[in-house]
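# Chain and residue survey
As a plain string of letters, each chain reads:
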Amino acid sequence: MNQDGTERISSGNRSQQGFDRQSGSLPERLLFNNRIVVVGICVLMTLVLGYQATKLRLNAGFEKMIPTRHPYIVNYLDNRDELAGLGNAIRIAVETTRGTIFDADYLDTLQKINDEVFYLSGVDRPAMKSLWTPATRWAEVTEEGLTGGPVMPDDYNGSPESLARVRLNVERSGEIGRLVAANYSSSVIFVPLLDTDPQTGKPLDYNSFSKQLEALRNKYQTDSLKLHITGFAKIVGDLIEGLQQVLFFFAVAVAIATAVLYSYTRCLRSTGLVVACSLVAVVWQLGLLPTLGYELDPYSILVPFLVFSIGMSHGAQKMRGILSDTGRGADKLVAARLTFRRLFLPGLTALLSDAVGFAVLMIIQIQVIHDLAIAASIGVLVLIFTNLVLLPLLLSYTGVSSDAARRMAHQESAGSRERNPVWRYLDLFTTPRWAAGAVVTCAILGVVGFGISQHLRIGDLDPGAPELHPDSRYNRDNAFMTANFAASSDVLVVMVRTPQYECASYDTLMMTDALEWELRQLPGVESTHSLAALSKQGIVGMNEGNFRWYELLPNQSMLNAIATRAPRELFNQSCDLLSLFVFLTDHKADTLTGVVNHVESFATANNTEDLRFLLAAGSAGIEAATNIVVKKAMREMLFWVYGAVTLLCFITFRSWRAVLVAILPLVLTSVLCEVLMVWLGIGVKVATLPVIALGVGIGVDYALYVLSVMLDRMREGMSLGQAYNHALRSTGKVVVLIGLTLTLGVATWMFSAIKFQADMGILLAFMFLWNMLGALVLMPALAYFLKLRREVAVDMAA
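Quick look at the structure, then.

Definitions and limits used
Residues numbered from 1 in each chain as written. Predicted model: local features only at pLDDT ≥ 70, side-chain atom pairs only at ≥ 80, totals over all residues. Heavy atoms only, no water. Helix = DSSP H or I, 4+ residues; strand = E, 2+ residues; numbered from the N terminus. Buried < 20%, exposed > 50% of the residue type's maximum accessible area, 1.4 Å probe, protein only. Contact = heavy atoms within 4.5 Å. Areas by Shrake-Rupley, 256 points an atom, 1.4 Å probe, with all protein chains shown as cover. Lys, Arg positive; Asp, Glu negative; His and termini not counted. Charge placed at Lys NZ, Arg CZ, Asp CG, Glu CD. Phe/Tyr/Trp six-rings, centres within 6.5 Å; stacked < 30°, edge-to-face > 60°. Pairing = 2+ DSSP bridges. Core = buried A, V, L, I, M, F, W, Y, C linked by side-chain atoms within 4.5 Å. Axes fitted to C-alpha atoms, helices over the stretch in contact; angles between N-to-C directions.

## Regarding the overall build of the protein chain
The helix and strand inventory of the protein chain stands at 26 helices and nine strands. The principal-axis extent of the C-alpha atoms belonging to the protein chain is close to 115 × 50 × 45 Å. Residues classed as buried in the protein chain amount to 59% of the 798 residues present. Sequence-distant contacts in the protein chain: of pairs separated by 6 or more residues, those separated by 24 or more amount to 80%. In the form shown here, the protein chain has an accessible surface area of approximately 32,200 Å², with 59% of it arising from carbon and sulfur atoms. In the protein chain, 66 positive and 70 negative side-chain charges are present, and the distance between their average locations comes to 15 Å.

Listed below in structure tokens is the structure:
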């Protein structure tokens, strides 16, 4: 028996008959002495959860994407019923390439599109707005006073006279730049959406809704008429459409992993079992999600691939151990039990570290990240059963091919550091000169990288939808919207709370106008709109159109008269809530930060008990709140994930030096990953934030497998160099194998049509590769400088 409790292979225990079935830990005895029962339960679970997986839906929810506990979002949700259309909405720009919109055929087509959209399930119909909706009105000053009506007159018939009248109404409506482009070549249908489908009572199916929009585009779009569609629902629909190719990338990853693993083992049956058990873990995960009431959304669609990859990593370690023991003459059952005995604890610790790395994401108060964390944690936990338990049990029945076992035995006997140039080179990092070079180089990389990482930005750094490529259809549509409409889809709404029936008071309008003027001076603000601005226009109208009267007058009767004719989107029914619309050029982090900070400063200086300026509604307001939450959560997440992984490593190794040896390479990788994000122009946002935690949780696997073997060998009396060489020739080989496999697998994501998937592929491939290099190069160097061997010797003496 070894000092670590494992049993040596000798002539007396090579066969099953010579092996004590009652040896080993209690879990080992329970599992291996009841193999048929355990395997039968796993088969039954696979069938049941496989059926449950067919019920899994791919969808997204607007509220899942926003931090519902942030004060800005709390303000928005508290007033949502009075702010129709200022959250989840789409905009459909109908463009004519021949002439202007004041054409009978164009307006007829616009009406048909408007009517079809109106009846789509999930549309908030009362809040919908276009040239054809009654709420779109015009007003003018006449000799008899103010008059007005709907932009599309009741007696419209498509005649030249009617078209001229429509044009006049549009020019008097104030909608140029909002619903109508300044060049008169397009107009917008504004479509607010409900979070719940009123027909089914279920969350709105964005995939189906997006397909209906595309069907509408295909139906009406011609050479002379084009449709441009933007909004959250369309982004999600395009993501889901693009993510359907994930199945292809998953198949490629499986093929790569299988090919690489087989090239290492040359054993078809054991390779097939490792792949099968990893796929079973994915089936269990996908089956548990609908069972527990969860859906799969575009941001967690990649989790099954990560679960498969982690399963392959741990499965390969188990298979390698069984090949090695079988090559030394052990029976297949004995080899399976010895491998289970050696690797179960480090494997369990590694999986728990992975699960903790995922679970820590739940501190971020955004539901979509919660769901990702739960899905990933479930997947990692099922790997404990499928790859740490089921795989050794199945291999205890099937064994490995004798040729593969002999080949492994030959490799191990010939794999000393004197004969293997790769291992001989890596052994140098346990010597003073090479260890010093590695530590100093990594320290310089860490310090320089930390300085560069301070330039990492929070939020979107590009206009449009950064989740999609710049040349995607959605981003081309968004560019059209931005170029043709001052009232862009990036709108931030400041809510102004007053006592009941006081929203149109002179003092309130004066303060609102002051804020509005200041905001218009900020870079990134295209235009603003509020009851204050409308009141000034109304006063001009009440004074024969003379623009010398373009000012708020302390005449409450006049202000009240204007308010009675104002659109209800500017204030609510009880007149205690005003909406100040701020239309932005984009939703980049700098733009949002500048506007939000200015409004906060203004509110701090001017809020009173009766007048409060509240942030924030509108798509840009929600984005600003999300950025604030992500920025705060990023450092908290790293603190908790590193704290949890450090604790698990300490429980496993019982050595603070070993913990530092395992953790410091991960810290360097995290810093360099942030440098890569700065270099590639990738901001920290909902889509990229989980990558950092995933890299830490998965990366510690390498350290646990290599370091656990090193410590065991040093406790047997080996030097640091000998122990490291032994670890390289055992678990180290598989670390290299799996590190390269994972890197190649996720690197294929770079070819995805979805930019955030491509970004995640680049970042994860980088982290997998650097974590592997850290475990093979920096970890032995740190072990030398931290005198890990001396601490082990002291423990042995004690």
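## As for the environment of R98
Take R98: it is sitting in the loop between β1 (89-96) and α4 (104-118). Counting along the chain gives 160 residues from R98 to T258, while the straight-line C-alpha distance between them is 57 Å.

## Describing the packing of aromatic side chains
A full pass over the atoms with the stated rule returns 15 aromatic pairs. A centroid spacing of 4.8 Å and a plane angle of 25 degrees characterise the contact between F340 and F344, whose relative ring orientation is stacked. Of this pair, F340 and F344 both sit in helix α11 (residues 332-359), four residues apart, which is roughly one turn of that helix. Both rings, one in F766 and one in W770, keep their centres 5.9 Å apart while their planes meet at 45 degrees; by these two values the pair is tilted.

## A word on the pairing of strand β7 (residues 525-529)
Burial of β7 is extensive: four of the five residues sit out of reach of the surface. Across four bridges, the pairing between β7 and strand β8 (residues 577-584) is antiparallel. Bridge pairing in β8 places H529 opposite F581.

## Observations concerning the nonpolar core
Grouped together as the largest cluster of nonpolar side chains are 212 residues, with contacts concentrated most on I92, L107 and L707. At 19 residues, helix α12 (residues 367-398) tops the list of elements feeding residues into this core. If you look at the next biggest cluster of nonpolar residues, it comprises 54 residues, including M495, V496, V596 and L614.

## Considering the sheet that holds β8
Pairing in this open sheet of four strands is antiparallel, and the strands run β7-β8-β6-β9 from one edge to the other. Only two strands of the sheet have a single neighbouring strand rather than two, namely β7 and β9 (612-617). On average, adjacent strands in this sheet sit at an angle of 25 degrees to one another, irrespective of strand direction. Of the strands in this sheet, β6 (491-497) and β9 are in contact with helix α3 (residues 71-78), which crosses β9 at around 95 degrees.

Keep in mind these values describe shape, not function.
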